[in-house]
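Structural features, examined
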Amino acid sequence: LCLKEIIMKGLLLFTFLSSVIIGLCTSFSVHSLGTIRKPTLKVTTTIKMATENSNTDGYGPVGSLIRQGPVPFFIRLVNPSTYEAAVNKYMALEKCDRTTAQGNMDAYFQDPNGWASNKLRARKTGKDLDYANMNTDPKQLVLTAIWSVFILGLFYRVFAVQVLGQ
């Protein structure tokens, strides 16, 4: 095979694997049944707003990855000031602790329409989702890790046979 064909096959396989992995990651998040206009979140400053019951610890970027997938994880890595401003604003508006605000902002960044519809549903029914502790069951995390290793190994084998010709 010529270099151009190898590069094209590699890009095609990378695109396919990326879309499969992102699709699988988002399938574990909370989605809405209908569509709601995306709520606006204006971020104008990164000044930390202290509330009476604020928890300064929260959880790290890996916590965002575990709870809501790759979208909030990459937002925290690429644009941490926007993320911090959103969390601080949510803490100030809802008068909640940092972990709850992070869970809600992770859910918002992952699926804004689903998050908004769940918030509307929670206001009507009084039953709010616990985004701070979502997807943190140790048994499920172990099963997901085992499944991910198996799938990534399979994808590597397909890449090695199809692109590298091994």
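What you are looking at is a predicted structure, and each value in this text was computed from that prediction instead of being measured.

Our next topic: unusual backbone geometry. For Lys-95, which is not glycine, the phi torsion reads 55° and is therefore positive. With respect to the secondary-structure elements, Lys-95 resides in the loop between helix H4 (80-94) and helix H5 (98-110). Under the relative-accessibility criterion, Lys-95 is labelled exposed at 58%. Backbone geometry at Asn-135 places phi at a positive 60°, although glycine is not the residue there. With respect to the element layout, Asn-135 can be found in the loop between helix H6 (112-125) and helix H7 (138-162). Among the residues examined, Asn-135 registers a relative accessible area of 33% and is labelled partly exposed.

Right, let's get into the nonpolar core. If you look at the biggest cluster of nonpolar residues, it comprises 15 residues, and the most contacted ones within it are Val-87, Tyr-90, Ala-101, Met-105, Phe-109 and Trp-115. Those elements that provide at least two residues to this core are H4, H5 and H6. Every residue in contact with Trp-115, bar those within four places of it in the chain, is listed here: Tyr-90, Asn-104, Met-105, Ala-107, Tyr-108 and Tyr-131. Counting five residues, the second largest nonpolar core, distinct from the first, contains Leu-13, Leu-17, Ile-151 and Val-163.

Now for the environment of Tyr-131. Tracing the backbone shows Tyr-131 in the loop between H6 and H7. Assessed through its relative accessible area of 2%, Tyr-131 is described here as buried. Residues Tyr-131 and Thr-100, spaced 31 residues apart in sequence, show a C-alpha to C-alpha distance of 6.9 Å.

Inspection of every chain in the model, using the stated rule, returns three salt bridges. Close ionic contact of Glu-84 with Arg-98 constitutes a salt bridge, the shortest N to O distance being 2.3 Å. Residue Glu-84 is found in helix H4, and its partner Arg-98 is found in helix H5; the two are separated by 14 residues along the sequence. In this structure Glu-84 comes out as partly exposed when scored by relative accessible area, which is 21%. Looking at Arg-98, the relative accessible area reads 8%, which means it is buried. The salt bridge partner of Arg-123 is Glu-94, with a shortest N-O separation of 3.9 Å. Here Arg-123, found in helix H6, pairs with Glu-94, found in helix H4; they are 29 residues apart in sequence, far enough to count as distant. Classification of Arg-123 as exposed rests on a relative accessible area of 61%.

Rules used throughout
- Residues numbered from 1 in each chain as written.
- Predicted model: local features only at pLDDT ≥ 70, side-chain atom pairs only at ≥ 80, totals over all residues.
- Heavy atoms only, no water.
- Helix = DSSP H or I, 4+ residues; strand = E, 2+ residues; numbered from the N terminus.
- Buried < 20%, exposed > 50% of the residue type's maximum accessible area, 1.4 Å probe, protein only.
- Core = buried A, V, L, I, M, F, W, Y, C linked by side-chain atoms within 4.5 Å.
- Contact = heavy atoms within 4.5 Å.
- Salt bridge = Lys/Arg side-chain N within 4 Å of Asp/Glu carboxyl O.

Everything listed here is a matter of geometry and, on its own, says nothing about what the molecule does.
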